[in-house]
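# Understanding the architecture of this molecule
Spelled out from the first residue to the last, the chains are:
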Amino acid sequence: MITLSSDFGSPYPAAMKGVLRQRTDADLFDLTHDLPRQDVRESAFWLCQLLPYWPPAVHLVVVDPGVGTDRDAIVLRAGKHALVGPDNGVLVPVARKLATRGRGVGSLECYRVTESTGEPTDPGTDWPLNPASSTFHGRDLFAPAAAVVHRRGISSFQDGSGFEPTESVVDLTLPRASVGQTSATGELLAIDDFGNCITNIPGHVLEGQFGSSVEVNGEALPVERTYATVAPEGALVTVGSHEKVEIAVNRGRGDDRFGVETGMAIELAWETSPKR
Amino acid sequence: MITLSSDFGSPYPAAMKGVLRQRTDADLFDLTHDLPRQDVRESAFWLCQLLPYWPPAVHLVVVDPGVGTDRDAIVLRAGKHALVGPDNGVLVPVARKLATRGRGVGSLECYRVTESTGEPTDPGTDWPLNPASSTFHGRDLFAPAAAVVHRRGISSFQDGSGFEPTESVVDLTLPRASVGQTSATGELLAIDDFGNCITNIPGHVLEGQFGSSVEVNGEALPVERTYATVAPEGALVTVGSHEKVEIAVNRGRGDDRFGVETGMAIELAWETSPKR
Amino acid sequence: MITLSSDFGSPYPAAMKGVLRQRTDADLFDLTHDLPRQDVRESAFWLCQLLPYWPPAVHLVVVDPGVGTDRDAIVLRAGKHALVGPDNGVLVPVARKLATRGRGVGSLECYRVTESTGEPTDPGTDWPLNPASSTFHGRDLFAPAAAVVHRRGISSFQDGSGFEPTESVVDLTLPRASVGQTSATGELLAIDDFGNCITNIPGHVLEGQFGSSVEVNGEALPVERTYATVAPEGALVTVGSHEKVEIAVNRGRGDDRFGVETGMAIELAWETSPKR
């Protein structure tokens with residue numbers, strides 16, 4: 001199984017998928033091609049919300065503002081999954097998450113994709129890569145590499161030419177919130193298609209606050225289990241499906257209501273004994 | 001076969017699909033994730049235009065403004081199809097349509113999804129559901145239920161824990177037009193991606209009017225078999241692929257041209273002897 | 001294998017795909033449903049960028065501003081591929097490209113879809129087509145025809161009722177640029193989702209210019225191998241993945257920056273000895 005994620009929109013994913021289909025009979029699943037465009041950090045956040053719900057697979061990910069520069073193509077083996085994409089950090093947070101799940105797997109191995117292999121060029125064979133464009137490595141570099149990883153197997157893809165172990169991949173850590181007794185300081189990690197605003201503040205800070213209210217950047221908002229417990233157009237604070245604090249508007253867009261964008265600081269303050 | 005329809009846009013469907021893939025080898029087909037956001041009625045209309053073209057399947061549908069409230073999750077068995085989604089009416093019109101098709105099937109059975117089953121939690125087994133978020137029941141409640149329905153079979157899914165018959169599902173009937181001798185009164189049911197405006201007035205009222213004109217909310221418009229029979233940017237009345245009266249603009253957007261939106265009243269008036 | 005491409009957006013492709021699934025077990029792949037709306041020429045360009053990356057398949061293509069008029073439905077056999085769609089030229093450029101690839105295939109054969117076949121109407125059989133709407137031939141005409149082509153086989157679909165050879169399909173040739181010693185005159189063929197502006201000027205005119213600059217409609221722009229070699233928001237000229245000259249902005253939209261739209265003239269001028 002190979003999954004595809006990118007910030008390509010349409011129609012470029014169809015070329016990438018054709019290249020995969022030329023080289024493998026693997027089941028292909030488009031996860032999303034609407035990752036935040038050229039935004040490595042928010043894309044990394046979304047991958048953490050998606051890939052852990054999938055069975056072991058080769059995950060092809062292309063969010064690649066540095067396409068055509070000398071950044072490497074890498075493969076991360078994380079538990080029973082393999083991630084293929086650019087060495088810009090986008091794969092790292094979800095790889096850590098996948099590697100630490102399951103029954104004592106825990107391993108995270110990094111490989112660099114090399115292009116010089118001396119193997120034949122027939123599309124039915126693995127390597128070397130076709131002559132690559134400088135602007136569409138999803139089609140010309142990452143998809144062929146993902147096909148090779150799938151064909152050889154997630155546990156054994158490196159036993160052959162084209163991949164070499166590396167220690168020095170670009171790291172990326174999603175920012176962590178600072179949580180105190182009556183307040184938390186974090187930032188807005190992502191805004192979803194509904195306009196819900198997802199912070200990096202862990203949801204457990206709202207325990208005991210449901211039915212009460214907290215201050216978000218100075219404004220008191222009700223703390224609710226879900227959207228529809230406030231009136232339409234009403235604002236609320238909740239714990240989203242990603243187990244983070246989320247500010248939202250029932251049947252409306254939170255991002256418009258709060259005037260926020262990704263990366264902004266979020267201050268949450270509450271009283272120790274719930275009130276309203 | 002399991003189909004997926006929602007108003008999620010991107011990327012949440014990928015988590016829902018991963019949950020399905022974790023639990024079943026069924027063929028998965030995304031129908032649309034761009035149903036009108038949190039609009040139960042227009043979504044119900046679109047489902048009526050899509051699902052009847054599919055072979056028997058489990059249809060997972062999530063348009064759920066009441067997520068996390070005490071509305072039930074339900075399964076409707078309609079002919080050889082099963083529909084899984086929230087109990088807010090969105091499944092009902094298409095279920096009635098599917099139940100009354102085919103060779104004397106006609107049955108429409110309603111089940112409520114229950115969560116307390118005492119069965120093991122291993123993802124390889126059916127029940128119980130994982131601890132659910134309050135905000136993403138597509139992933140945590142409906143998708144697991146759809147996987148169970150598929151695994152047990154559309155004709156026998158209720159023979160086991162997790163589902164109980166119910167009579168009291170939320171009903172929804174799409175509004176019907178009133179048709180007279182020389183006029184019809186209806187409303188705008190939906191606007192498609194092209195800007196074509198779909199009413200609930202049955203197409204047969206235009207019989208004998210092609211090549212003539214009718215009045216739509218007081219404006220005379222030509223009645224044509226299709227768009228390209230008027231000049232580019234020209235307005236027209238036609239019978240859409242859903243067999244309803246549609247007002248449209250050739251190579252343009254009808255909704256902009258007519259200044260209409262879903263739910264508005266549409267008055268159609270014609271003369272008994274065609275003229276132009 | 002059947003691929004689907006259209007300008008439908010959402011949700012109409014789901015009805016078309018259901019009709020295919022009713023009639024065939026072929027693997028179905030959505031390529032894109034966001035082809036430029038009712039723009040036959042730019043859609044033809046994009047098909048040239050997508051289909052050649054796929055293995056032999058039946059390619060269903062619906063960009064059809066003339067739906068419901070007397071334009072024919074056609075099938076083009078191009079090499080080992082078959083293309084099914086409207087006779088408006090949209091299939092022709094990619095068919096020529098597919099026909100001239102491979103080991104001496106080279107053939108391009110044209111067939112018209114006829115509807116009168118006298119065969120039974122059961123959906124499990126091939127013909128005739130269901131009664132067609134006038135406004136959704138993707139669902140009612142092209143998809144059933146594609147299912148028949150797939151079932152009978154790309155090399156033998158015409159050996160049976162429903163298709164007759166024709167010579168007179170509507171032709172379409174994408175405009176060619178005029179290339180001189182120090183300048184080239186072309187036009188903007190397409191704008192992609194990133195805002196990159198794709199001309200019809202062949203990329204080889206930029207050989208020897210990388211690291212230098214050229215004039216684009218009078219403005220000097222750096223010639224680069226890829227986007228990230230200029231600063232964010234910086235403009236550049238490059239050779240895109242389609243091997244054409246492309247004007248773009250690193251991490252920004254070229255179309256906004258240059259104020260261009262599809263079809264505009266593009267003048268490229270350079271000096272014979274690179275400078276900067």
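This section reports on the structure supplied with the text.

## Overview of the side chain of Asn88 of chain B
Residue and element names in this part refer to chain B. Along the chain, the position of Asn88 falls in the loop between strand 5 (81–86) and helix 3 (92–99). Exposure remark for Asn88: the relative accessible area of 18% places this residue in the buried category. In this structure the side chain of Asn88 is engaged in a polar contact, spanning 2.9 Å, whose partner is the backbone oxygen of Val63. In this structure the side chain of Asn88 is engaged in a polar contact, spanning 3.0 Å, whose partner is the backbone nitrogen of Val90. Asn88 has contacts with Val40, Val63, Asp64, Pro65 and Val170, leaving out every residue within four places of it along the chain.

## Considering the relation of the copies chain C and chain A
Structural alignment of chain C on chain A gives an RMSD of 0.0 Å, achieved by rotating through 120° and translating 0.0 Å along the axis. The relationship between the two copies is best expressed as a three-fold rotation axis.

## Some remarks on the interface of chain C and chain A
Taken together, the 28 residues of chain C in the interface contact 27 residues of chain A. The contact between chain C and chain A buries some 2,300 Å² in all, and 58% of this surface belongs to carbon and sulfur atoms. Of all residues in chain C, Tyr53, Phe194 and Ser241 of chain C bury the most surface against chain A, accounting for 27% of the area lost on that side. The interface formed by chain C and chain A contains zero salt bridges. Run the count over chain C and chain A and you get 12 residue pairs in polar contact (both at pLDDT 80 or more). For the side of chain C that touches chain A, the secondary-structure elements that each account for two or more residues are strand 2 (28–32), helix 2 (40–50) and strand 13 (235–239) of chain C. In terms of residue count, the dominant contributor to the side of chain C that touches chain A is strand 2 of chain C (four residues). Considered class by class, the residues forming the side of chain C that touches chain A number 14 nonpolar, seven polar and seven charged.

## Some points on the pairing of strand 14 (residues 244–249) of chain C
Residues and elements named next belong to chain C. The buried fraction of strand 14 is high, at five of six residues. Where strand 10 (residues 197–202) meets strand 14, three bridges bridge the pair, whose relative direction is antiparallel. Directly across from Pro202, in strand 14, lies its bridge partner Lys244. Sheet topology note: the strand 13/strand 14 ladder contains five bridges and is antiparallel. Bridge pairing links Leu236 to Ala248 in strand 14.

## Quick look at the pattern of salt bridges
Under the criterion given, the structure shown has 30 salt bridges over all chains. Among the salt bridges present, the one from Arg257 of chain A reaches Glu219 of chain A, with a minimum N-O distance of 2.6 Å. Remark: Glu219 of chain A occurs in strand 12 (residues 219–222) and Arg257 of chain A occurs in helix 5 (residues 254–258); sequence separation between them is 38 residues. The class of Glu219 of chain A is partly exposed, set by a relative accessible area of 31%. The salt bridge involving Asp140 of chain C is made with Arg139 of chain C; its shortest N-O contact spans 2.7 Å. By relative accessible area, which is 9% here, Asp140 of chain C ends up buried.

## What to know about unusual backbone geometry
Residue and element names in this part refer to chain B. Here the residue pair Ser10 and Pro11 is connected by a cis peptide bond, since its omega of 5° sits within 30 degrees of zero. Phi angles above zero are rare outside glycine, and Asn217 is one such case at about 45°. Along the chain, Asn217 turns up in the loop between strand 11 (213–216) and strand 12 (219–222).

Rules of the game
Residues numbered from 1 in each chain as written. Chains lettered and ligands numbered in written order. Predicted model: local features only at pLDDT ≥ 70, side-chain atom pairs only at ≥ 80, totals over all residues. Heavy atoms only, no water. Helix = DSSP H or I, 4+ residues; strand = E, 2+ residues; numbered from the N terminus. Buried < 20%, exposed > 50% of the residue type's maximum accessible area, 1.4 Å probe, protein only. Polar contact = N/O pair within 3.5 Å; in protein donor to acceptor, adjacent residues only side chain to side chain. Contact = heavy atoms within 4.5 Å. Least-squares fit on C-alpha atoms with pLDDT ≥ 70 in both. Buried area = accessible area lost by both parts, 1.4 Å probe. Salt bridge = Lys/Arg side-chain N within 4 Å of Asp/Glu carboxyl O. Nonpolar A, V, L, I, M, F, W, Y, C, P; charged D, E, K, R; others polar. Pairing = 2+ DSSP bridges.

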